[in-house]
Amino acid sequence: MRILPSPGLLAAIRNERARSTGPICAYLYDLGALTEHVRATRAALPANCEMFYAIKANAEVPILGALAPIVDGFEASSGGELAWLNEHAPGKPMIFSGPGKLDDEIRQALALGIELIHVESLGELARLARIAGDMGRTAPIALRVNLGLGSAAATRLMMAGASPFGIEEAELAACIAFIDGQPALDLQGFHIHSLSHQLDMKAHLALIEIYLDRIAAWNAMYGRRIRHLNMGGGIGINYRDPDDQIDWPAFTAGLSALIERKRAQHLALRFEFGRYLTCASGYYAAEVVDLKSSHGQWFAICRGGSHHFRTPSAQRHSHPLIILPRDRPPAPDDRPAIFGTRVNVVGQLCTPTDRLAQDVPVEELRVGDTVLFLLAGAYAWTISHHDFLRHPPPAMCFVEASLPIEKETADVDAIF
Ligand SMILES: *Cc1c(COP(=O)(O)O)cnc(C)c1O
């Protein structure tokens with residue numbers, strides 16, 4: 001997974017600087033790095049696994065375009081996302097999840113030829129049966145199960161346990177009995193998305209082992225031969241230590257061994273990853289417009305802020321970044337600067353919560369330099385409150401291809 005910017009991406013930042021009349025502020029997406037990462041991620045999966053992309057992580061059109069030839073399909077969590085996919089990624093299989101599906105959204109999904117609807121409650125199941133019946137259609141469904149995992153799994157973002165997501169195991173019998181009397185419902189599988197931010201490969205394999213045991217138990221209990229199991233997304237990104245990401249080849253090797261040990265080759269296993277696919281290929285660039293000291297701490301104020309890039313405040317972390325010194329500084333260079341110290345990187349909003357990075361060691365930082373936030377390609381722009389303070393939006397740059405790795409300069413700063 002490429003985390004540092006490619007020469008192509010750095011060139012796009014230089015272009016943005018040349019093009020911009022004021023301080024720059026931009027999201028940049030490296031489509032070459034994205035394609036490479038997603039292709040390698042998909043290729044390493046065992047033969048009976050599929051990989052969908054959960055588009056709420058980032059649904060920019062060029063990103064969907066880059067992913068469409070690689071992923072097996074897309075996951076939507078609203079009618080808006082279904083319509084977006086139908087417009088921008090037509091022809092790819094779509095699945096529909098999420099609590100609180102409206103009747104109109106269910107109709108829309110069925111009319112669009114949805115591959116599977118992940119049903120989140122008994123009430124939703126009843127509505128779906130009525131709507132599909134009225135439309136004269138059969139609804140292909142998977143039951144989303146909310147497992148009581150107890151201490152078997154824990155991350156910072158849990159969907160399993162007391163939550164609006166999925167159906168408790170204790171209610172499965174009632175769901176299946178209901179489905180049996182409903183010709184408009186076609187139960188094809190189970191769906192389990194228990195958590196996000198998973199960074200522990202062994203813990204994730206242990207979780208999948210529980211899922212495989214449960215589907216075998218449900219098939220035995222309810223006299224079914226259900227072969228489809230959606231195991232959700234949830235692979236995390238380590239923002240605190242970007243060099244230490246999940247060991248994907250080791251995870252997929254462990255998964256292959258697990259599938260063999262559990263004799264689960266006959267199952268159609270599906271993942272629907274979000275963050276892990278798009279996070280690393282996105283960058284948020286913000287130019288430093290002011291540097292000031294306040295009560296013993298330095299602050300770098302950048303063009304932009306959490307109204308564009310809410311990820312650090314949503315995750316309550318200091319976001320990883322690199323500094324790109326300004327090319328061709330004016331001579332003499334009289335811009336305010338700090339040397340060999342620590343700095344808080346903030347945006348332009350009138351709220352103390354607009355902090356993007358904290359206590360970052362810097363050798364040299366000047367007004368006019370660009371702070372480049374790494375790992376900004378998922379749950380970033382779309383989760384931000386764009387209209388707050390009515391600053392202009394960032395530029396959106398999509399960089400088509402990376403240069404071959406051999407041609408790169410090791411020292412990023414040296415390019416500028
Ligand atoms: C958000 C979501 C995902 C993707 O989760 P990531 O942690 O981004 O991989 C997958 N499935 C469902 C049902 C989701 O709601």
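Up top is the structure.
Computed from a predicted model, the values in this text were never measured in an experiment. (Residues numbered from 1 in each chain as written. Predicted model: local features only at pLDDT ≥ 70, side-chain atom pairs only at ≥ 80, totals over all residues. Heavy atoms only, no water.)

Undergrad: Whenever I open this one, the pattern of salt bridges confuses me. Can you help?
TA: Between side chains of opposite charge, a pair can form as their charged atoms come close. If you walk through the whole model with that rule in mind, you get 19 salt bridges. In this structure, the salt-bridge partner of E209 is K262, at a minimum N-O distance of 3.4 Å. Here the residue E209 occupies a position in helix α8 (residues 201-222), and K262 occupies one in the loop between α9 (248-261) and β12 (268-273), the gap between them amounting to 53 residues. Note on E209: relative accessible area 22%, which makes it partly exposed. In this structure K262 comes out as partly exposed when scored by relative accessible area, which is 28%. Each of the salt bridges in this network shares a partner with another, and the network as a whole consists of D333, R335, E364, R366 and D369. (Salt bridge = Lys/Arg side-chain N within 4 Å of Asp/Glu carboxyl O. Helix = DSSP H or I, 4+ residues; strand = E, 2+ residues; numbered from the N terminus. Buried < 20%, exposed > 50% of the residue type's maximum accessible area, 1.4 Å probe, protein only.)

Undergrad: Mind showing me how you'd approach the packing of aromatic side chains here?
TA: Geometrically, a pair of aromatic rings is defined through the distance of the ring centres and the angle of the planes. Across all of its chains, the model carries 15 aromatic pairs by this definition. A centroid spacing of 5.5 Å and a plane angle of 50 degrees characterise the contact between F309 and F373, whose relative ring orientation is tilted. Linking F309 in the loop between β14 (297-302) and α11 (311-315) with F373 in strand β18 (residues 370-373), this pair joins segments that are 64 residues apart in sequence. Chaining the aromatic ring pairs together yields one cluster made of Y27, Y29, Y284, F309, F373, W381 and F398. If you follow K101 out to its NZ or CZ, it ends over the ring of F96, 5.5 Å from the centre. (Phe/Tyr/Trp six-rings, centres within 6.5 Å; stacked < 30°, edge-to-face > 60°. Lys NZ or Arg CZ within 6 Å of the ring centre and 35° of its normal.)

Undergrad: Any chance you could explain the side chain of E120 here in plain terms?
TA: Here E120 lies in the loop between β5 (116-119) and α6 (122-135). A distance of 2.9 Å separates the side chain of E120 from the backbone nitrogen of G166, its partner in a polar contact. Excluding residues that lie within four positions of it along the chain, E120 makes contacts with S97, G98, P99, K101, R144, P164, F165, G166 and I167. (Polar contact = N/O pair within 3.5 Å; in protein donor to acceptor, adjacent residues only side chain to side chain. Contact = heavy atoms within 4.5 Å.)

Undergrad: Even after reading the chapter, I still don't get the state of the cysteines, so can you show me in this structure?
TA: Tallied over the full model, the rule gives zero disulfides. You can see C302 has no disulfide; the closest cysteine sulfur is in C25, sitting 8.9 Å from it. On the basis of relative accessibility, which here comes to 0%, the residue C302 falls in the buried class. (Disulfide = S-S within 2.5 Å.)

Undergrad: How should I be thinking about the nonpolar core in this particular structure?
TA: What tends to happen in soluble globular proteins is that the nonpolar side chains get buried as a cluster. If you look at the biggest cluster of nonpolar residues, it comprises 129 residues, and the most contacted ones within it are L28, F74, I141 and L143. Among the elements that line this core, the one with the most residues is α8, at eight residues. Those residues in contact with F74, other than ones at most four positions away along the chain, are F52, Y53, I55, L64, L67, A68, L85, A89, K92, P93, M94 and I95. (Core = buried A, V, L, I, M, F, W, Y, C linked by side-chain atoms within 4.5 Å.)

Undergrad: Can you help me understand helix α4 (residues 79-88) in this one?
TA: Among all positions of α4, only G79, E81, L82 and L85 are buried. End-on view of α4: buried residues confined to an arc of 160 degrees, all on one side of the axis. Exposed residues pointing more than 90 degrees away from the buried face of α4 are listed as G80 and E87. At its buried positions, α4 is contacted by α3 (61-67), β3 (73-76), β4 (94-96) and α5 (103-111). (Arc of directions from axis to C-beta.)

Undergrad: Sorry, what's going on with the site of the ligand here?
TA: Near the ligand there are 14 residues, and of these K56, S196, G234, E272 and Y379 occur at the shortest range. Between the ligand and G234, the relevant distance is 2.8 Å, taken from an oxygen atom to a main-chain nitrogen or oxygen of the residue. Within the contact set of the ligand, an oxygen atom lies 2.6 Å away from a side-chain nitrogen or oxygen of Y379. Across the shell around the ligand, the residue classes break down as three nonpolar, six polar and five charged. (Near = heavy atom within 4 Å. Nonpolar A, V, L, I, M, F, W, Y, C, P; charged D, E, K, R; others polar.)

Undergrad: I keep staring at unusual backbone geometry and nothing clicks. Help me out?
TA: Most of the time, phi is negative for any residue but glycine, and the peptide bond is trans. The phi dihedral of R316 falls on the positive side, at around 50 degrees, and the residue is not glycine. Position of R316 among the secondary structure elements: in the loop between α11 and β15 (321-324). On the accessibility criterion, R316 (71% relative accessible area) is exposed. The phi torsion at L375 lies on the positive side, around 55 degrees, for a residue other than glycine. By secondary structure assignment, the location of L375 is in the loop between β18 and β19 (395-399).

Undergrad: How do you make sense of the side chain of H197 when you look at a structure like this?
TA: Mapped onto the fold, H197 is located in the loop between β10 (195-196) and α8. Among the polar contacts listed, one links the side chain of H197 to the side chain of Q315, at a separation of 3.1 Å. Once residues lying within four places of it in the same chain are set aside, the contact partners of H197 are T155, R156, L157, G234, G236, R275 and Q315.

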